[in-house]
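What the coordinates show
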Amino acid sequence: MSAHVAIDVAWRSAHPLPDHHPGTDKNQRGRVLLVGGSMFVPGALSLTGEAVLRAGAGKLQIATVDAAAMHLGVLVPEAAMIGLPTARDGEIGRGAAEKLADAVAYCDCLLIGPGMVSQPSARALIEGLLPLLREGQVAILDAAAISCARACAPLIAAQQGKVILTPHHGEMARLTGIGEDAIDHDPRDSARAVAAEFEAVTVLKAAETVVAAPDGETLLYSSDCVGLATGGSGDVLAGVMAGLAARGADPLTAAGWAVWLHGEAGRAAARRIAPIGFLARDLAMEIPRLMAGVASSASAAG
């Protein structure tokens, strides 16, 4: 069994982020298709979308319920918007997957789930969109898309490592059918087991976040930042992950770096504002500075 590895300076140096040289255009920096949202949480995708772009992706398309699309387009003016059918419960309705087929073909990373509540709606998107993925494309399943992933396990496994799952402990309990107490007792083993079963990189979020690969490689990041336990924090993490994957980082590298950047952004916000009381929207602006600091340190060391 592979040893647990901290997401420290040594790991980050051995797994650098893609380097985009002067002259790189926005398509080469990566394209993300973000699918999610609902009338219950209409603003969640603004957090995720900004994080995608702050992580360096070049282009972003956001697909959400028609009733929220125009307002979201104002909140994230850098993104192209796709309005989707709205069901009576305010969730993404039938026919959405068919409407997104062309957009999936165009993206480098597909992120499904932020801001969604309905498991049936999320499942329909997974079943309709994951089979469309081609070589080199990555998918991330978050929020409601995690809660229904058990029913889609064979489809996820068929992607052979191209999918990233992002459960917190409660979602992990629903994903596995194991009680949350058991997840809490051995989160590392739980993450490894899900990664192997689903053949997907699994990010089990907590004060100690576990990132497990299908082959058993396991990364750890511990945070003492209680301020990260706030609404929308996971939406930002998913966006950073998608942005890095779109830029060309492999799924494990994108997940590991995103977890580290998200945690360090929380620490920076805690120093700048206060340990508790900063908002999820305060995290994204820290991401470019953190990445630039890493790049500067690497240049100085070289």
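Please refer to the structure higher up on the page.
These notes cover the structure that comes with them. (Residues numbered from 1 in each chain as written. Predicted model: local features only at pLDDT ≥ 70, side-chain atom pairs only at ≥ 80, totals over all residues. Heavy atoms only, no water.)

**Observations concerning the packing of aromatic side chains**
Under the definition given, this model contains one aromatic pair. Consider the rings of Trp257 and Trp260, whose centres lie 5.8 Å apart with planes at 85 degrees: the pair is edge-to-face. Separated by three residues within a single helix, Trp257 and Trp260 lie in helix H13 (residues 251–272), roughly one turn from each other. The burial state of Trp257 is the same as that of Trp260; both residues are buried. Taking NZ or CZ as reference, Arg31 lies 4.4 Å from the ring centre of Tyr106, over its face. (Phe/Tyr/Trp six-rings, centres within 6.5 Å; stacked < 30°, edge-to-face > 60°. Helix = DSSP H or I, 4+ residues; strand = E, 2+ residues; numbered from the N terminus. Buried < 20%, exposed > 50% of the residue type's maximum accessible area, 1.4 Å probe, protein only. Lys NZ or Arg CZ within 6 Å of the ring centre and 35° of its normal.)

**Remarks on the pattern of salt bridges**
Considering all chains together, one arrives at 11 salt bridges under this definition. Arg188 is paired through a salt bridge with Glu208; the nearest N and O atoms lie 2.8 Å apart. Here Arg188 is found in helix H11 (residues 187–198), whereas its partner Glu208 is found in strand S9 (residues 208–212), with 20 residues between them in sequence. For the salt bridge of Arg272 with Glu286, the shortest nitrogen-to-oxygen distance reads 2.8 Å. With Arg272 in helix H13 and Glu286 in helix H14 (residues 286–301), this residue pair connects regions lying 14 residues apart in the sequence. The class of Arg272 is partly exposed, set by a relative accessible area of 42%. (Salt bridge = Lys/Arg side-chain N within 4 Å of Asp/Glu carboxyl O.)

**Here we look at the packing of helix H2 (residues 44–54) against helix H12 (residues 233–247)**
The contact between H2 and H12 brings their axes to 7 Å, and the two run at 35 degrees. Our pair here, H2 against H12, has a crossing hand that is right-handed. In this structure, H2 uses Ala44, Leu47, Thr48, Ala51 and Val52 to contact H12, whose residues at the interface are Asp235, Val236, Ala238, Gly239, Val240, Ala242 and Gly243. Of the residues in the contact of H2 with H12, the class split is eight nonpolar, three polar and one charged. (Axes fitted to C-alpha atoms, helices over the stretch in contact; angles between N-to-C directions. Left-handed = near helix turned anticlockwise from the far one by under 90°. Contact = heavy atoms within 4.5 Å. Nonpolar A, V, L, I, M, F, W, Y, C, P; charged D, E, K, R; others polar.)

**Describing the state of the cysteines**
Going through the model one piece at a time under the given rule, you end up with zero disulfides. Cysteine Cys107 shares no disulfide, and the gap to the nearest cysteine sulfur, in Cys109, comes to 6.9 Å. On the accessibility criterion, Cys107 (3% relative accessible area) is buried. (Disulfide = S-S within 2.5 Å.)

**Observations concerning the nonpolar core**
Ranked by size, the top nonpolar core spans 56 residues in total, and within it Val211, Val240, Leu244 and Leu261 carry the most contacts. One finds Leu84, Leu129, Ala191 and Leu220 within the second-largest nonpolar core, a separate group that totals 48 residues. (Core = buried A, V, L, I, M, F, W, Y, C linked by side-chain atoms within 4.5 Å.)

**So, the sheet that holds S9**
Taken in spatial order, the 10 strands make up an open sheet running S1-S10-S9-S8-S7-S6-S5-S2-S3-S4, and their pairing is mixed. Of all strands in the sheet, those bounded by a partner on one side alone are strand S1 (4–6) and strand S4 (80–84). Mean inter-strand twist for the sheet, computed between neighbouring axes without regard to direction, equals 20 degrees. Relative to S4, strand S3 (residues 59–65) runs parallel, the two being bridged by five bridges. Bridge assignment links Ala63 to a residue of S4, and that residue is Ile82. Those strands touched by H2 are strand S2 (31–35), S3 and strand S5 (109–112), and its axis lies near 170 degrees from that of S3. (Pairing = 2+ DSSP bridges.)

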